[in-house]
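Here is how the chains run, residue by residue.
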Amino acid sequence: MTTYDDRASLTDLTAVVERVRSSVEGVIEGKPEVVQLSLTVLLAEGHLLIEDVPGVGKTMLAKALARSIDCSVRRIQFTPDLLPSDITGVSIWDQQRRDFEFKPGAIFAQIVIGDEINRASPKTQSALLESMEERQVTIDGQTYELPSPFMVVATQNPVEMEGTYPLPEAQRDRFMARVSIGYPSADAELQMLDVHGGVNPLDDLQPVAHAHEILKLIDAVRGVHVAETVRRYAVDLVAATRTHPDLRLGASPRATLHLLRAAKASAALSGREFALPDDVQALAVAVLAHRLLPTAQAQLNRRTAEQVVQEILQRIPVPANPQPQQGGFGGLGRGATAYGQQPPRRL
C-alpha cells in the first residue's frame, strides 16, 4: 500500500508533467491543448480516443506520449482480419508439459496504442472491454491482471471513411475523453517541415519519466479535493444529457465518474489542490460528447453532440466557489490554499 511518504507532492507533479509535456510538444507542433488533455487522461487513470482524418498526427501523438514514459509499450494495428485472441492472448498446448500455456497478447503492456481501432470488426473491438474497465483479461476461465499504470490510446478515422466500423456504445463509454487534433496553423505546419522534413522526431525521443513516477502522480491526483457543490454540478450536467430532446442516448454514470476524475487531474496540472467548476466545464465536451447519440431529427438538423453539450453548459447554473477543506495535496497534510482570484465562468 502506498504511504504518505511515497506520494508525490505538488512540486513533484509539476516537474514530471512539464518534462513529459515538453517531450510530446517537441513532436506535436502547435497543439498544446491536445497534449494537455492527453496528460489529464493519463493522470486520471483513463483511456484516450483520438479521432480525426488521416495524416494529422494521431499515431504520432500516441507514440510520443508512450515513448516519453519509461514503461512497456505495445502497438496494435487494427485491421478487418484482426482476431480477439491477437489482442488478449491465447492458450496453446505445450507438448512437453502436457498442459496449456498462456501466451499474452498485445494488451499486456502499460501503454497500448490501438491504431485505427474502428477498422476492426465489432467482435474484435469488444476484446478491449474487460481490459479497459477492469484492467484484467479472462482467458479460458483464468484471470490475468494487467500492469499498472495501464492506458489505451486509440486512434480512429471518422466513420464516414472507407472501410471503417462505428465503435459500439459500450466501447466508446470506456474512453474517458475524445480529442480531435485538427489541422495545424500555417506557422506550425511550416515549422513541422523544418523539423520533420529530414528526420523522424520519434527516433530521438527519450523517456523523461518512469512508470513508478506516474503511479505516484496518479495517487496524488486522487487526493485532490472536490467540494460537494462541484460534484453536484458534474451530476447535473450528466443528468441533463439523459433528458435532452435532441439525444436518444445520454451519458452513463461512468461518464460522471470520468468527468470528476478528469477534473481532479486538471486541477492538479493547474497547480491546485482542489477542483473548480471551471475544470468540469473545460472538460465536459471532451468527456461527454463521444458517448451521446443524437436523435434522427437532430442529425437531419445537423445538430452535433458537441453542440448539445455546449448548450447544456450554458443552461445549467454554475455553483459558487465553496471553501476547500483542510488537507494537503496527495494526502501530505499541507493546508489547502484559498481558491484563485478568477471566478468560474460560463462557456
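Procedures and definitions
- For every chain, the first residue of the written sequence is number 1, and numbering continues from 1 along that sequence.
- Local features in a predicted model are, by the rule used here, given only for residues with pLDDT of at least 70; side-chain atom pairs are given and counted only at 80 or more, and totals for whole chains, interfaces and linings are based on all residues.
- Computation of side-chain values covers all heavy atoms of the structure but excludes hydrogens and water.
- Per the convention used, a helix needs a DSSP run of H or I reaching at least four residues, while a strand needs a run of E reaching at least two, with both numbered from the N terminus.
- Contact criterion: two residues are considered in contact whenever any of their non-hydrogen atoms come within 4.5 Å of each other.
- Accessible areas in this description were obtained via Shrake-Rupley with a 1.4 Å probe; residue shielding takes into account the shown protein chains only.
- Throughout, nonpolar core names a set of buried Ala, Val, Leu, Ile, Met, Phe, Trp, Tyr and Cys residues whose side chains join them through atoms within 4.5 Å.
- Note on exposure labels: buried denotes an accessible area under 20% of the residue type's maximum, exposed denotes more than 50%, and partly exposed covers the range between, all computed with a 1.4 Å probe on protein chains only.
- Whenever a carboxyl oxygen of Asp or Glu lies within 4 Å of a side-chain nitrogen of Lys or Arg, that contact is scored as a salt bridge.
- By this definition, two strands are paired if DSSP reports at least two bridges between them.
- Note on method: axes are straight lines fitted to C-alpha atoms, helices fitted across the in-contact stretch only, with angles between N-to-C directions ranging 0 to 180 degrees.
- Take the residue count of a helix, subtract one, and multiply by 1.5 Å to get its expected span.
- Cavities and pockets are found on a 1 Å grid laid over the protein atoms alone: a cavity is a set of points where a 1.4 Å probe fits but cannot escape, a pocket is an open set with protein on both sides within 12 Å along at least five of seven lines, and a lining residue has an atom within 4 Å of such a point.
- Grid points are joined across faces, edges and corners, and a volume is the space filled by probe spheres set on the points.
- Each residue gets one label: Ala, Val, Leu, Ile, Met, Phe, Trp, Tyr, Cys and Pro are nonpolar, Asp, Glu, Lys and Arg are charged, and the others, such as Gly, are polar.

Thoughts on the overall build of the chain
Point 1. Counting its regular elements, the chain contains 14 helices and 13 strands.
Point 2. At a minimum sequence separation of 6, the contacts of the chain that also span at least 24 residues come to 79%.
Point 3. Entry remark: accessible area of the chain is about 16400 Å², with carbon and sulfur atoms responsible for 51%.

Section: the nonpolar core
As a rule of thumb, soluble globular proteins bury nonpolar side chains together.
Point 1. With 75 residues, the main nonpolar core has Leu13, Val24, Leu43, Leu48, Val153, Val280 and Leu288 as its most contacted residues.
Point 2. A total of 8 residues in this core trace back to one element, the largest contributor, which is helix 11 (residues 253-269).
Point 3. Ignoring any residue separated from it by four or fewer positions in sequence, one finds valine 153 in contact with Leu48, Ile50, Ala62, Leu65, Ile111, Val112, Ile113 and Gly114.
Point 4. Listed in part, the 23 residues of the second largest apolar core include Leu49, Ala109, Ala127 and Met132.

Structural notes on the pattern of salt bridges
Point 1. Here the structure, examined in full by the defined rule, presents 16 salt bridges.
Point 2. Here arginine 21 makes a salt bridge to glutamate 18, at a shortest N to O gap of 3.2 Å. Residue arginine 21 and its partner glutamate 18 are both found in helix 1 (residues 10-25); the two are separated by 3 residues, about one turn of the helix.
Point 3. Exposure remark for glutamate 18: the relative accessible area of 37% places this residue in the partly exposed category.
Point 4. When the shortest N-O distance is used, the salt bridge between glutamate 133 and arginine 254 registers 3.0 Å. A residue pair is termed long-range when its members are at least 10 positions apart, and glutamate 133 in helix 6 (residues 129-134) and arginine 254 in helix 11 qualify at 121 residues.
Point 5. Glutamate 133 sits in the partly exposed class, given a relative accessible area of 37%.

Observations concerning the pairing of strand 6 (residues 111-115)
Point 1. Counting buried residues in strand 6 gives 5 out of 5 residues, a clear majority hidden from the surface.
Point 2. Alternating residues of strand 6 divide into Ile111, Ile113 and Asp115 and Val112 and Gly114, and every residue in both groups is buried.
Point 3. Pairing analysis gives 5 bridges linking strand 3 (residues 73-77) to strand 6, with the strands arranged parallel. Opposite glutamine 77, over in strand 6, you have aspartate 115 as the bridge partner.

A word on the sheet that holds strand 10 (residues 177-179)
Point 1. Strand order in the open sheet formed by 5 strands is 3-6-9-1-10, and the pairing between neighbours is parallel. The sheet terminates laterally at strand 3 and strand 10, the two strands that pair on one side only. Across the sheet, the axes of successive neighbouring strands diverge by a mean angle of 15°, strand direction being ignored.
Point 2. Note that strand 1 (residues 48-51) and strand 10 share 3 bridges and pair parallel.

Describing helix 2 (residues 32-43)
Point 1. In a regular helix each residue adds 1.5 Å, so 12 residues correspond to 16 Å; helix 2 covers 17 Å between its end C-alpha atoms and thus fits that length.
Point 2. Counting buried positions along helix 2 gives 9 out of 12 residues, so the element sits mostly inside the fold.
Point 3. Taken together, the buried positions of helix 2 are occupied by Val34, Val35, Leu37, Ser38, Leu39, Thr40, Val41, Leu42 and Leu43.
Point 4. Positive phi appears at glutamate 45, one or two residues downstream of helix 2, with a value of about 60°.

With respect to the pairing of strand 9 (residues 151-156)
Point 1. Burial analysis of strand 9 places 6 of its 6 residues in the buried class, the great majority of the element.
Point 2. The two faces of strand 9 match: Met151, Val153 and Thr155 on one face and Val152, Ala154 and Gln156 on the other face are all buried.
Point 3. Strand direction decides the pairing type here: strand 1 and strand 9, joined by 4 bridges, are parallel. Across the sheet, the residue bridging to leucine 48 is valine 153, located in strand 9.
Point 4. Inspection of the sheet shows strand 6 paired to strand 9 by 4 bridges, in the parallel sense.

Focus: the layout of surface pockets
Point 1. Volume-wise, the largest pocket comes out at about 590 Å³.
Point 2. In terms of lining residues, the largest pocket is bounded by 22 residues, among which Glu51, Val159, Glu160, Arg178 and Pro294 are the most central.
Point 3. Where the lining of the largest pocket is concerned, the elements lending two or more residues are strand 1, strand 13 (293-294), helix 13 (296-300) and helix 14 (305-315).
Point 4. Grouping the constituent residues of the lining of the largest pocket by class yields 11 nonpolar, 4 polar and 7 charged.
Point 5. The computed volume of the second largest pocket comes to approximately 420 Å³.
Point 6. In terms of lining residues, the second largest pocket is bounded by 19 residues, among which Glu33, Leu37, Val179, Ala282 and Ala286 are the most central.
Point 7. Those elements that provide at least two residues to the lining of the second largest pocket are helix 2, strand 10 and helix 12 (277-288).
Point 8. Of the residues belonging to the lining of the second largest pocket, the class tally is 8 nonpolar, 6 polar and 5 charged.

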